[in-house]
Amino acid sequence: MLFNSNQMSEIVHLHDKHFERFISESRIQKAVDQLAKSIYEDIGSDEIPLFVGILNGSFIFAADFVRAYPGDSEISFIKLASYAGMDSTGKVKQLLGLSEDIKDRTVIILEDIIDTGNTLSKIYDTFEKLPVKELKLATLFFKPDVFTKALHIDYIGISIPDKFIVGYGLDYDGLGRNLKDIYQIKENIMKNIVIFGPPGAGKGTQAARLKEHYQLVHISTGDVFRANIKEKTDLGMLAKHYIDKGDLVPDEVTIDMLKAEVEKNPEAKGFLFDGFPRTEKQALALDAFLQAKGTMINAMIALEVPEDELVRRLLERGKISGRTDDQDASKIRYRFKEYERKTAVLKDYYQKQGKYFGINGLGDISEITQLLKEVIDQF
Ligand code: AMP
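Reading the values: rules and limits
Residues numbered from 1 in each chain as written. Predicted model: local features only at pLDDT ≥ 70, side-chain atom pairs only at ≥ 80, totals over all residues. Heavy atoms only, no water. Axes fitted to C-alpha atoms, helices over the stretch in contact; angles between N-to-C directions. Helix = DSSP H or I, 4+ residues; strand = E, 2+ residues; numbered from the N terminus. Contact = heavy atoms within 4.5 Å. Nonpolar A, V, L, I, M, F, W, Y, C, P; charged D, E, K, R; others polar. Core = buried A, V, L, I, M, F, W, Y, C linked by side-chain atoms within 4.5 Å. Buried < 20%, exposed > 50% of the residue type's maximum accessible area, 1.4 Å probe, protein only. Polar contact = N/O pair within 3.5 Å; in protein donor to acceptor, adjacent residues only side chain to side chain. Near = heavy atom within 4 Å. Areas by Shrake-Rupley, 256 points an atom, 1.4 Å probe, with all protein chains shown as cover. 1 Å grid on protein atoms, 1.4 Å probe; cavity = no way out; pocket = protein on both sides within 12 Å on 5 of 7 lines; lining within 4 Å. Sits in = over half its atoms within 2 Å of the grid points. Domains from an automatic or database assignment. Buried area = accessible area lost by both parts, 1.4 Å probe.

Focus: the packing of helix α8 (residues 280-292) against helix α10 (residues 329-352)
Right, so step 1: The geometry of α8 relative to α10 is characterised by a closest axis approach of 9 Å and an angle of 35° between their N-to-C directions. Within the contact between the two elements, α8 uses E280, A283, L284, L286 and D287 and α10 uses V345, L346, Y349 and Y350.
Right, so step 2: Classifying every residue of the contact of α8 with α10 by side-chain character gives seven nonpolar, no polar and two charged.

Quick look at the nonpolar core
Here is a general trend for soluble globular proteins: nonpolar side chains tend to be buried in one another's company.
Right, so step 1: The biggest cluster of nonpolar side chains holds 26 residues, and the ones touching the most others in it are I39, F65, L140 and F141.
Right, so step 2: Residue assignment for this core shows that the elements contributing at least two residues are α1 (25-43), α2 (59-68), β6 (106-114), β7 (134-142) and β8 (155-159).
Right, so step 3: Top contributing element to this core by residue count: α1, with seven residues.

Quick word on the side chain of R335
Right, so step 1: Assignment of secondary structure puts R335 in helix α10.
Right, so step 2: Judged by relative accessible area, which is 10%, R335 ranks as buried.
Right, so step 3: At 3.0 Å, the side chain of R335 forms a polar contact with the side chain of D326.
Right, so step 4: With near-sequence residues (within four places) excluded, R335 lies in contact with P199, G246, L314, R317, R323, D325 and D326.

Re the site of the ligand
Right, so step 1: Taken together, 14 residues lie around the ligand, and T221, R226, D247, G275 and Q282 are the ones closest in.
Right, so step 2: Here a nitrogen atom of the ligand sits 3.0 Å away from a polar atom, N or O, in the main chain of V249.
Right, so step 3: Here a nitrogen atom of the ligand and a side-chain polar atom of Q282 are 2.9 Å apart.
Right, so step 4: Bound to the protein, the ligand loses 96% of the 480 Å² it would expose on its own.
Right, so step 5: Assessed atom by atom at 2 Å from the grid points, the ligand resides in the largest pocket.
Right, so step 6: A per-element tally of the shell around the ligand places helix α5 (residues 221-231) first, with four residues.
Right, so step 7: Its residues assigned to classes, the shell around the ligand comprises five nonpolar, five polar and four charged.

Re the domain arrangement of the chain
Right, so step 1: What the domain assignment reports for the chain is domain 1 (11-185) and domain 2 (191-376).
Right, so step 2: Between the C-alpha centres of domain 1 and domain 2 there is a distance of 50 Å.
Right, so step 3: Of the residues lining the interface, four residues belong to domain 1; the matching set on domain 2 comes to six residues.
Right, so step 4: Buried surface at the junction of domain 1 and domain 2, summed over both partners, amounts to about 360 Å²; 60% is from carbon and sulfur atoms.
Right, so step 5: On the domain 1 side of the interface with domain 2, the three residues burying the most area are I11, H13 and H18, jointly 90% of the side's total.
Right, so step 6: In terms of residue class, the side of domain 1 that touches domain 2 is built from one nonpolar, two polar and one charged.

Structure below.
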């Protein structure tokens with residue numbers, strides 16, 4: 001059996017959005033029990049009411065509700081179908097599915113959620129024309145801030161603020177109905193950018209400017225490794241061995257280090273990842289890590305620069321910085337090969353998600369910064 005990881009998480013990811021746990025299964029169950037009890041007290045044991053669930057959202061609520069209802073009852077379901085393009089408004093709505101004899105019966109409409117009340121009022125109008133004995137409305141969730149209709153709602157389970165919710169039968173574009181708890185949308189207020197490009201493309205220079213402008217935390221894995229080498233930490237000693245040869249530090253080591261750097265900044269408005277991810281494995285780990293935090297990478301921006309120009313820049317930098325990996329042209333060319341061999345797949349990885357943005361990295365530094373900002377400002 002496949003385990004659905006969304007089923008038990010604090011944060012779930014559906015399509016392009018994150019949702020955080022909002023109302024627990026046990027609280028929902030209490031509200032359902034209470035609704036069933038109140039309705040039974042009003043109707044009494046002499047009558048068998050007809051409950052009518054509105055599909056699709058109410059199917060789970062209705063199933064739990066009828067089992068919580070202390071007396072006998074009948075249940076039916078209806079669906080509001082829309083047909084596009086058939087009248088001047090472009091939409092004709094029609095009720096589907098009610099086959100029971102409702103003459104002189106107490107009918108109670110079961111809604112999963114009432115927000116503006118638009119759908120409900122159409123259903124209500126249809127029912128009012130029918131020869132029922134009494135028509136009542138019960139809803140599990142209610143958004144008082146947006147409800148605009150004059151309808152009387154007889155029974156309300158839980159009132160909630162005007163936030164989009166999923167779970168317990170409610171969906172976001174088809175997904176999320178199976179969740180046992182209710183989740184509410186989590187706005188992604190962080191900006192997380194990967195700045196990408198071969199060694200010497202100007203990532204560090206541009207990152208410093210962007211960090212300042214957007215108040216982002218800049219994490220350069222190369223810088224963190226170098227700081228560790230300087231401090232002669234265990235991590236530094238391990239990394240030095242690879243860095244001196246122009247090889248990548250193993251994924252496990254780098255991923256753990258990156259996570260630790262992110263965790264050091266719980267209040268960050270976003271991160272600028274520079275030099276990470278460099279392999280597909282790192283990209284996957286980063287996505288999973290950010291998803292668990294209810295956020296994600298918004299864009300990977302690549303600085304595109306021809307190789308000869310890169311070698312020239314790195315040799316220049318090596319003279320000033322003393323970086324051993326920048327002082328030898330053959331080592332530099334080897335790093336490009338490594339970059340191509342392992343890192344170029346990342347272009348594919350982010351392109352598939354519509355998050356790859358290539359930028360010409362040749363030219364005036366400020367002009368390049370401007371191009372980067374134009375991409376980041378979209379988020
Ligand atoms: P950089 O300053 O980004 O050019 O990084 C310098 C060196 O640090 C690289 O050549 C790698 O040896 C190592 N390094 C930096 N980031 C990573 C990473 N994400 N994965 C593996 N090794 C890395």
